[in-house]
Amino acid sequence: MYRLYGGKPTRSLMVEMVMAEGGLDYEECFVDIGSGEEKSAEFLAINPAGWVPALITPEGEVLYETPAINLYLAERHGLTQLVPVPGDPLRARFLCAHAYLTGELEHALKRYWYPETFGAGDTDADAIRTTARRQVAERLAVIDGRLRARGPYHLGERYSLADLTLAYWVTSVEEIEPERRFPALARCCEAVYARPCLAPLFARLREWNREFREG
Ligand SMILES: N[C@@H](CCC(=O)N[C@@H](CS)C(=O)NCC(=O)O)C(=O)O
């Protein structure tokens, strides 16, 4: 059985979404990031970076970094509907989309939510947040343009992990008004939210986001 470290209110939920897509079983191990448990010696022995999620496989292999965990699960369990296999003509488009979402969009989002961890003080934080908000919108606009040209999903008619990843992050930027500004992107996300295996998990994510916004 897999052991998934994370829980409310963290992106381990995105890994749970991949588990749900594949009908995979796992045991959830709550790590209380509110009290800094992710920096405890016990957890650092699992993930030296000191953050969640982390995954321990049934064989005892430890994985961390959400995109790596998700790709691992999809490939190990043959979830080819999520990740095109090598040789599939759509793999190139998938790799570009997934790297942009996890390397560019996600990092801009991190600066947007936690600007204080990127600067030297509150004044820096305000400037960093303003810049990050613009960068998030720029990245969403790029994705929207691609989906307008070749959607409705990143791979055209075919749903993939790239769409799941996009939809996951878009729930946290309502104030950027993606539905009004980025209609192709919003349409893609709506199709993901409607997937029966994901709907309850996205409901949970929206609830966490609401609690985060209300402090
Ligand atoms: N690059 C990592 C980032 C993980 C990350 O930032 N996790 C957050 C929760 S969503 C966390 O553990 N934050 C607590 C901390 O950084 O101390 C990934 O994508 O898995």
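What you are looking at is a predicted structure, and each value in this text was computed from that prediction instead of being measured.

(A) Here's a closer look at the overall build of the chain. Counting secondary structure elements, the chain contains nine helices and four strands. Counted from the first residue to the last, the chain has its helices and strands arranged as β-α-β-α-β-β-α-α-α-α-α-α-α. The C-alpha atoms of the chain give a radius of gyration of 17 Å, which matches the 17 Å a tight globule of 215 residues would have. If one aligns the C-alpha atoms of the chain with their principal axes, the spans along those axes are about 50 × 50 × 30 Å. By residue count, 47% of the 215 residues in the chain fall in the buried class. Considering only residue pairs separated by 6 or more positions, the chain has 63% of its internal contacts joining residues 24 or more positions apart. Carbon and sulfur atoms form 54% of the exposed surface of the chain, whose accessible area is close to 10,500 Å². Separation of charge centres in the chain, based on 25 positive and 32 negative side chains, amounts to 7 Å.

(B) Molecular detail of helix α8 (residues 183-193). Of all the residues in α8, the buried ones are Ala184, Leu185, Ala186, Cys188, Cys189, Val192 and Tyr193. Each element contacted by the buried residues of α8 is listed here: α5 (122-150), α6 (161-170), α7 (178-181) and α9 (199-213).

(C) Looking closely at the sheet that holds strand β2 (residues 26-30). Taken in spatial order, the four strands make up an open sheet running β2-β1-β3-β4, and their pairing is mixed. The sheet is open, and its two borders are formed by β2 and β4 (62-64), each paired with just one other strand. Pairwise comparison of adjacent strand axes, ignoring direction, gives a mean angle of 20° for this sheet. Looking at chain direction, strand β3 (residues 54-56) and β4 are connected through three bridges and run antiparallel.

(D) Looking closely at the site of the ligand. Taken together, Thr10, Arg11, Glu38, Lys39, Gly50, Trp51, Val52, Pro53, Glu65, Thr66, Pro67 and Lys110 are the residues near the ligand. Between the ligand and the protein, one listed contact pairs an oxygen atom with a side-chain N or O atom of Glu38 at 2.6 Å. Burial of the ligand by the protein amounts to 81% of the accessible area it has alone, namely 510 Å². Placement of the ligand is best described as lying within the largest pocket. Looking at the shell around the ligand, its residues break down into four nonpolar, three polar and five charged.

(E) Local environment of the layout of surface pockets. Approximately 1,100 Å³ is the volume attributed to the largest pocket. If you trace the largest pocket, you find 38 residues lining it, with Arg11, Lys110, Trp113, Tyr114 and Trp169 closest to the centre. Counting only elements with at least two residues in the lining of the largest pocket, the list comes to α3 (66-76), α4 (91-113), α6 and α9. A per-element tally of the lining of the largest pocket places α4 first, with six residues. Looking at side-chain class alone, the lining of the largest pocket contains 16 nonpolar, twelve polar and ten charged residues. Both of domain 1 (2-76) and domain 2 (91-213) provide at least three residues apiece to the lining of the largest pocket.

(F) Spotlight on the environment of Arg3. Mapped onto the elements of the fold, Arg3 is located in strand β1 (residues 2-6). Here the alpha-carbon distance between Arg3 and Glu28, two residues 25 residues apart in the chain, equals 5.9 Å. Apart from residues lying up to four places away in sequence, Arg3 is in contact with Glu27, Cys29, Ala54, Leu55 and Ile56. Polar contacts involving the side chain of Arg3 include one to the side chain of Tyr5, which spans 3.3 Å.

Reading guide: rules and limits
- Residues numbered from 1 in each chain as written.
- Predicted model: local features only at pLDDT ≥ 70, side-chain atom pairs only at ≥ 80, totals over all residues.
- Heavy atoms only, no water.
- Helix = DSSP H or I, 4+ residues; strand = E, 2+ residues; numbered from the N terminus.
- Rg over C-alpha atoms; globule rule 2.2 N^0.38 Å.
- Buried < 20%, exposed > 50% of the residue type's maximum accessible area, 1.4 Å probe, protein only.
- Contact = heavy atoms within 4.5 Å.
- Areas by Shrake-Rupley, 256 points an atom, 1.4 Å probe, with all protein chains shown as cover.
- Lys, Arg positive; Asp, Glu negative; His and termini not counted.
- Charge placed at Lys NZ, Arg CZ, Asp CG, Glu CD.
- Pairing = 2+ DSSP bridges.
- Axes fitted to C-alpha atoms, helices over the stretch in contact; angles between N-to-C directions.
- Near = heavy atom within 4 Å.
- Polar contact = N/O pair within 3.5 Å; in protein donor to acceptor, adjacent residues only side chain to side chain.
- 1 Å grid on protein atoms, 1.4 Å probe; cavity = no way out; pocket = protein on both sides within 12 Å on 5 of 7 lines; lining within 4 Å.
- Sits in = over half its atoms within 2 Å of the grid points.
- Nonpolar A, V, L, I, M, F, W, Y, C, P; charged D, E, K, R; others polar.
- Points joined across faces, edges and corners; volume = space filled by probe spheres on them.
- Domains from an automatic or database assignment.

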